[in-house]
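# Residue-level structural notes
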Amino acid sequence: MPQIIPIKDLKNTSEVSILCHEMEEPVFVTKNGYGDLVIMSMETYEKTIYIQDIYAKLEQAEREIAEGRTSSAVQSLQALRLKYGI
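Because the structure is a prediction, the values reported are computed rather than measured.

Thresholds, definitions, all that
- Starting afresh in each chain, residues are numbered from 1 along the sequence in its written order.
- Whole-chain, interface and lining totals are the exception, using all residues; otherwise, since this is a predicted model, local features are given only for residues with pLDDT of at least 70 and side-chain atom pairs are given and counted only at 80 or more.
- Calculated side-chain values reflect all of the structure's heavy atoms, with hydrogen atoms and water omitted.
- Runs of E in the DSSP output that reach at least two residues are strands. Runs of H or I that reach at least four are helices, and both are numbered from the N terminus.
- Buried means the residue's accessible area, taken with a 1.4 Å probe over protein chains only, is under 20% of the maximum for its type, while exposed means over 50%, and partly exposed covers the values in between.
- In this description, a nonpolar core means a group of buried Ala, Val, Leu, Ile, Met, Phe, Trp, Tyr and Cys residues linked to one another through side-chain atoms lying within 4.5 Å.
- When checking whether two residues touch, look at their non-hydrogen atoms; a contact exists if any pair is within 4.5 Å.
- Only strands joined by at least two bridges in the DSSP assignment are considered to pair.
- Angles shown run from 0 to 180 degrees and are taken between the N-to-C directions of axes, each axis being a line fitted to C-alpha atoms and, for helices, limited to the stretch in contact.
- Should a side-chain nitrogen of Lys or Arg be within 4 Å of a carboxyl oxygen of Asp or Glu, the pair is scored as a salt bridge.

## Some thoughts on unusual backbone geometry
The backbone of Glu-24 sits at a positive phi, close to 55°, despite the residue not being glycine. Counting through the fold element by element, Glu-24 comes out in the loop between α1 (13–23) and β2 (27–31). Take Glu-24: its relative accessible area is 55%, and that puts it in the exposed class.

## Here's the deal with the nonpolar core
Ile-5, Val-16, Leu-19, Cys-20, Val-27 and Val-29 form the largest nonpolar core, which has 6 residues in total. Sorting the residues of this core by element identifies α1 and β2 as the ones contributing at least two each. In terms of residues, this core owes the most to one element, α1, which gives 3 residues. Setting aside chain neighbours within four positions, we find Val-29 in contact with Ile-5, Pro-6, Ile-7, Leu-10, Tyr-34, Gly-35, Asp-36, Leu-37 and Ile-39.

## Some details on the sheet that holds β2
Read across the open sheet, the 3 strands follow the order β1-β2-β3; overall the sheet is mixed. Here the strands that pair on one side only, and so sit at the sheet edges, are β1 (3–6) and β3 (34–39). For this sheet, the mean angle separating the axes of adjacent strands, direction not counted, is 35°. Strand direction decides the pairing type here: β1 and β2, joined by 4 bridges, are parallel. By the bridge assignment, Gln-3 is partnered in β2 with Val-27. Taken strand by strand, α1 contacts β1, β2 and β3, and its axis lies near 170° from that of β1.

## Notes on the pattern of salt bridges
Following the criterion strictly, the structure yields 4 salt bridges and no others. Of the charged contacts in the structure, one is a salt bridge between Glu-59 and Arg-63, with a shortest N-O distance of 3.5 Å. Of this pair, Glu-59 and Arg-63 are both found in helix α2 (residues 42–66), 4 residues apart, which corresponds to roughly one turn of the helix. A residue is classified by how much of its surface remains accessible, and Glu-59, at 47% relative accessible area, is partly exposed. As a salt-bridge pair, Glu-67 and Arg-69 come within 3.5 Å of each other at their nearest N and O atoms. Look at Arg-69 and you get exposed, because its relative accessible area is 53%. One connected set of salt bridges, linked through shared partners, spans Glu-64, Glu-67 and Arg-69.

## Focus on the pairing of β2
Across 5 bridges, β2 lies against β3 in antiparallel orientation. Considered in β3, the bridge of Val-29 is made with Leu-37. Between the end of β2 and the start of β3, which pair antiparallel, lie 2 residues, with Asn-32 showing a positive phi angle near 55°.

Structure below.
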């Protein structure tokens, strides 16, 4: 469940930092009852970016498959053997 805190709680930086590390997910900050900011730990941010990168690469691979830009394993190995003289 997402954690939501009011913007005035940002004054307690140590507590907010601990909360972000404990939650391991973004913490939403509200201002006057409306969403204003999202904060998270560096670990959570890096994990999120890593997962987004994987999804982007999978999407690209699926596009290449749909466009028919693939080759069989045998063809790929033959090309590598020719390239490296194996």
